[in-house]
Protein chains: 2
Amino acid sequence: MRRGRLAVVGLGPGDSGLLPPLARTALENATVVVGYKGYIDLVEAVHLQGKKVLSTGMMGEVERVNLAVDEAQAGGDVCMVCSGDPGIYAMAGLVLEALDTRGLLESVDFDVVPGVPAFCAAAAILGAPLMHDFAAVSLSDLLTPWEKIAKRLDAAADADFVIAIYNPRSKKRAGHLEAALEIIGGHRSPDTPVGIVGRAFRPGQLASIATLATLDVNLVDMQTIVIIGNSTTRVVGGHMLTPRGYHDKYDVGGGR
Amino acid sequence: MRRGRLAVVGLGPGDSGLLPPLARTALENATVVVGYKGYIDLVEAVHLQGKKVLSTGMMGEVERVNLAVDEAQAGGDVCMVCSGDPGIYAMAGLVLEALDTRGLLESVDFDVVPGVPAFCAAAAILGAPLMHDFAAVSLSDLLTPWEKIAKRLDAAADADFVIAIYNPRSKKRAGHLEAALEIIGGHRSPDTPVGIVGRAFRPGQLASIATLATLDVNLVDMQTIVIIGNSTTRVVGGHMLTPRGYHDKYDVGGGR
């Protein structure tokens, strides 16, 4: 039997202009493409032609992974697609875990094709909000107790990390973002810039910059990325800027 | 005069297979390409033909930015190239700062083209070490006091973030990585997996997985990415795996 391959492939924000050639080639060579329906929709039809396409709904992560592993076990060249980077709040881990549990790590080739993460796409649209040490925190408490999430937010805010928030808000957890902003506000000025970006590099892109005090949480949904500046972040010409410190040490554009 | 444009473009890890089409197009359309010599060398020659190419040495960040801004101010279509993502420990911030200081944000188009960050490329090679909340910390104390770096490492370790370390070690700061591992070891078991990746997706790629107790710091240089697992990270079949918690909640591959 042909040796199966299971590649977890990042689609980036969803614009084909941000899909690297390695990911494109993995899709082209695949015999089977598996993914959440919303992500399959981001793949250009040309890459799906003549392939077996298996899509599942939002909460079907485990089902999706087992489908992909079944196909790879049967000798398929399988792409599991994720949005953003497959290693950040996506499917690389669950796929690896399933291959291990099912004893297939020796017999199936496992591969991760990195992509442009959602928070980097959001940062690019906002200007340069990351630039220094940063932390990423998901507010989803489906798999992590809220106490642990709160502790991480508090630690990251206290140590002056720029903070990128994933899964900030859903109908079931409408209050989590407010709670997170309050924890962070215990360590940061109310004037701290906060950028939000939804549907980055896609039709309907929404981006805006407010502050910890003025952010309208109703603009935020589950797929929005929220980036909270550190103590030095400021807004220049409508862009968020976290300096790396060069300005103190060197003379950026000084005297010109 | 033609309106200038200054795009800060991420080259990703350096393999052209990880250069997204948007970045490629920005390079193709540019009249001027500016960057650190080592990054200019990563750009395929075909993208540099017929263009003005301005490269500077390692420490010439401010000089490089001012050259790029001069060209954009003169109406050029300028690409400032960075490795990885331009918003992560790279040039997007310094460019924005210079445009602001020189009063050019109204007259020059500023743009960031996101890329595949070094720590995502490293994670992909190691398996799935990120997967849950993570923090990125640079050990370079050129622009940040060591006390602040130490505080961030301590906070991130205490709150059980996966930690990605940038700039882990240079001749001038040979002891920083050991110091960082000791701080983190105050909160994590000595068995915690630690992955290191140098030259990801490039000739001479080096990747290995050790533990907090066994890591050989001599394998690490300034361009290596070091990823330290959280309290749940384990090694399966030679890959680093940080579960997202599905295994407790669902039944991954169970009984099959």
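For the structure itself, look to the data block above.
All of the points below concern the structure found in this document. (Residues numbered from 1 in each chain as written. Chains lettered and ligands numbered in written order. Predicted model: local features only at pLDDT ≥ 70, side-chain atom pairs only at ≥ 80, totals over all residues. Heavy atoms only, no water.)

Quick look at helix 4 (residues 92–101) of chain B
All names here are of chain B. Most of helix 4 sits out of view: 8 of its 10 residues are buried. Restricting attention to buried positions, one finds in helix 4 the residues Ala92, Gly93, Leu94, Val95, Leu96, Glu97, Ala98 and Leu99. Immediately downstream of helix 4, the backbone of Gly103 shows phi near 65°, a positive value. (Buried < 20%, exposed > 50% of the residue type's maximum accessible area, 1.4 Å probe, protein only. Helix = DSSP H or I, 4+ residues; strand = E, 2+ residues; numbered from the N terminus.)

Re the nonpolar core
One broad rule of soluble globular proteins: the nonpolar side chains tend to lie buried together. If you look at the biggest cluster of nonpolar residues, it comprises 73 residues, and the most contacted ones within it are A:Phe119, A:Phe134, A:Ile227, B:Leu6, B:Phe119, B:Phe134 and B:Ile227. Per-element tally for this core: the top contributor is helix 5 (residues 118–126) of chain A, with 7 residues. With residues up to four places along the chain from it excluded, the contact list for B:Leu6 reads B:Ala68, B:Val69, B:Ala72, B:Val78, B:Met80, B:Val95, B:Leu99, B:Val108, B:Asp109, B:Phe110 and B:Asp111. Counting residues in each nonpolar core, the second largest holds 50 residues, with A:Ala156, A:Ile163, A:Val217 and B:Leu215 among its members. (Core = buried A, V, L, I, M, F, W, Y, C linked by side-chain atoms within 4.5 Å. Contact = heavy atoms within 4.5 Å.)

Things to note about the environment of A:Gly75
Residues and elements named next belong to chain A. Looking at the secondary structure, you find Gly75 in the loop between helix 3 (61–73) and strand 4 (77–82). The buried category is assigned to Gly75, whose relative accessible area is 7%. Considering only alpha carbons, one finds Gly75 and Gly4, 71 residues apart in sequence, at a separation of 3.8 Å. In contact with Gly75, other than residues within four places in its own chain, are Met1, Arg2, Arg3 and Gly4.

Some words on the interface of chain A and chain B
You'll often see interface size given as the accessible area lost when the parts meet. Facing 83 residues of chain A, the contacting portion of chain B comprises 83 residues. Both faces combined, the contact of chain A with chain B buries some 7,200 Å², and carbon together with sulfur accounts for 64% of it. Across the chain A-chain B interface, the total number found is 8 salt bridges. For the salt bridge of B:Arg152 with A:Asp133, the shortest nitrogen-to-oxygen distance reads 2.8 Å. (Buried area = accessible area lost by both parts, 1.4 Å probe. Salt bridge = Lys/Arg side-chain N within 4 Å of Asp/Glu carboxyl O.)

Some words on helix 7 (residues 176–185) of chain A
Among the residues making up helix 7 of chain A, those that are buried are A:His176, A:Leu177, A:Ala180, A:Leu181 and A:Ile184. The arc that holds the buried residues of helix 7 of chain A, viewed along the axis, is 135°, so those residues lie on one side. (Arc of directions from axis to C-beta.)

Focus: the pairing of strand 8 (residues 162–166) of chain A
Residues and elements named next belong to chain A. Burial of strand 8 is extensive: 5 of the 5 residues sit out of reach of the surface. Residues of strand 8 alternate between two faces, with Val162, Ala164 and Tyr166 on one and Ile163 and Ile165 on the opposite face, all of them buried. Of the strand pairs in this sheet, strand 7 (residues 134–138) and strand 8 are connected by 5 bridges, and their pairing is parallel. Each residue of the ladder has a partner; that of Ala136, found in strand 8, is Ala164. Each parallel crossover has a hand, and for strand 7 linked through helix 6 (residues 146–158) to strand 8 it is right-handed. As paired elements, strand 8 and strand 11 (residues 225–228) share 3 bridges and run antiparallel to each other. If you follow Ile163 over to strand 11, its bridge partner there is Ile228. (Pairing = 2+ DSSP bridges. Right-handed = clockwise from strand over helix to strand, strands pointing away.)

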